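Working through the structure, step by step
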Amino acid sequence: MSSRIAEHITWHQSHDVVDGVMMHPFDGEAWKHFNSVHPHFLAESRNVHLGLCTNGFNPFGSFAAPYSCWPVILTVYNLPSGMCMRLEFMFLSMVIPGLSSLVQNIDVYL
């Protein structure tokens, strides 16, 4: 990464947490649980935390053939709130096409 962005990758180590307020995924219970289960990963502040996001849709509308498309996007959660949801830090890792909805079987593809 560029030096302009590299300075922000360890932002989560110095992030001020406000009790009861979730301002970033870092403040969530899942991140805290992951850190408690994997303390060796937490020890290096430059390790990258990724979020996996997906949502299926029918590209031809609701009345067309039962076809679905599922984009799978990776997001870098180490960055500050104003940066982690920018398009340049969201990576389209795959697109899962199908003749029906993958809600029940998406884990097979992932």
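Here we summarise the structure given alongside this text. Keep in mind that this is a model prediction, so the values were computed, not measured. (Residues numbered from 1 in each chain as written. Predicted model: local features only at pLDDT ≥ 70, side-chain atom pairs only at ≥ 80, totals over all residues. Heavy atoms only, no water.)

1. Digging into the overall build of the chain
The cut-off we apply is this: Here a helix means four or more residues in a row that DSSP labels H or I, a strand means two or more in a row labelled E, and each is numbered from the N terminus. Two things to know: the radius of gyration comes from C-alpha atoms, and the globule rule equals 2.2 Å times the number of residues to the power 0.38. Three exposure classes are used, based on accessible area relative to the maximum for each residue type with a 1.4 Å probe and protein chains only: buried under 20%, partly exposed in between, and exposed over 50%. Here a residue-residue contact requires only that any non-hydrogen atoms of the pair lie within 4.5 Å. Where accessible areas are quoted, they stem from the Shrake-Rupley method and a 1.4 Å probe; at the residue level, only the protein chains shown are allowed to cover. Positive charges come from Lys and Arg alone, negative charges from Asp and Glu alone, with His and the N- and C-terminal ends not counted. Where a charge lies is defined by one atom per residue type, namely NZ (Lys), CZ (Arg), CG (Asp) and CD (Glu).
Looking only at helices and strands, one finds 6 helices and 3 strands in the chain. Mapped in sequence order, the helices and strands of the chain form the string α-α-α-α-β-β-α-β-α. For 110 residues, the compact-globule estimate of 2.2 N^0.38 gives 13 Å, and the chain exceeds it by more than 25% at 17 Å. Across its three principal axes, the chain shows a C-alpha extent of roughly 50 × 30 × 25 Å. Residues counted as buried form 27% of the 110 residues belonging to the chain. Considering only residue pairs separated by 6 or more positions, the chain has 46% of its internal contacts joining residues 24 or more positions apart. Counting only carbon and sulfur atoms, one obtains 62% of the accessible surface of the chain, whose full area is about 7,500 Å². Of the side-chain charges in the chain, 4 are positive and 8 negative, and the distance between the mean point of each set is 8 Å.

2. Observations regarding the pattern of salt bridges
This is how it is decided: For this document, the term salt bridge refers to a Lys or Arg side-chain nitrogen within 4 Å of an Asp or Glu carboxyl oxygen.
Under the defined criterion, the tally for this structure stands at 2 salt bridges. A salt bridge links E44 to R46; its shortest N-O distance comes to 2.9 Å. The salt bridge involving R86 is made with E88; its shortest N-O contact spans 3.8 Å.

3. Description of the side chain of N78
Going by this rule: Pairs of N or O atoms are called polar contacts if they sit within 3.5 Å, as long as, within protein, a hydrogen donor faces a hydrogen acceptor (for residues adjacent in sequence, only side-chain-to-side-chain pairs).
Structurally, N78 is set in the loop between β2 (68-76) and α5 (81-84). Take N78: its relative accessible area is 0%, and that puts it in the buried class. There is a polar contact of 3.3 Å between the side chain of N78 and the backbone oxygen of I9. Within the structure, N78 has its side chain in polar contact with the backbone nitrogen of H49 (distance 2.5 Å). Apart from the residues within four sequence positions on either side, N78 is in contact with H8, I9, W11, H12, S45, N47, V48 and H49.

4. Looking at the state of the cysteines
Each disulfide is one covalent bond, formed between the sulfur atoms of two cysteines. Filter applied, for reference: When two cysteine sulfur atoms lie within 2.5 Å, the pair is treated as a disulfide.
If you walk through the whole model with that rule in mind, you get 0 disulfides. The closest cysteine sulfur to the non-disulfide-bonded C53 is located on C84, 9.7 Å from its own sulfur. C69 takes part in no disulfide bond, and the closest cysteine sulfur, belonging to C53, lies 16 Å away. Owing to a relative accessible area of 16%, C69 belongs among the buried residues under this scheme.

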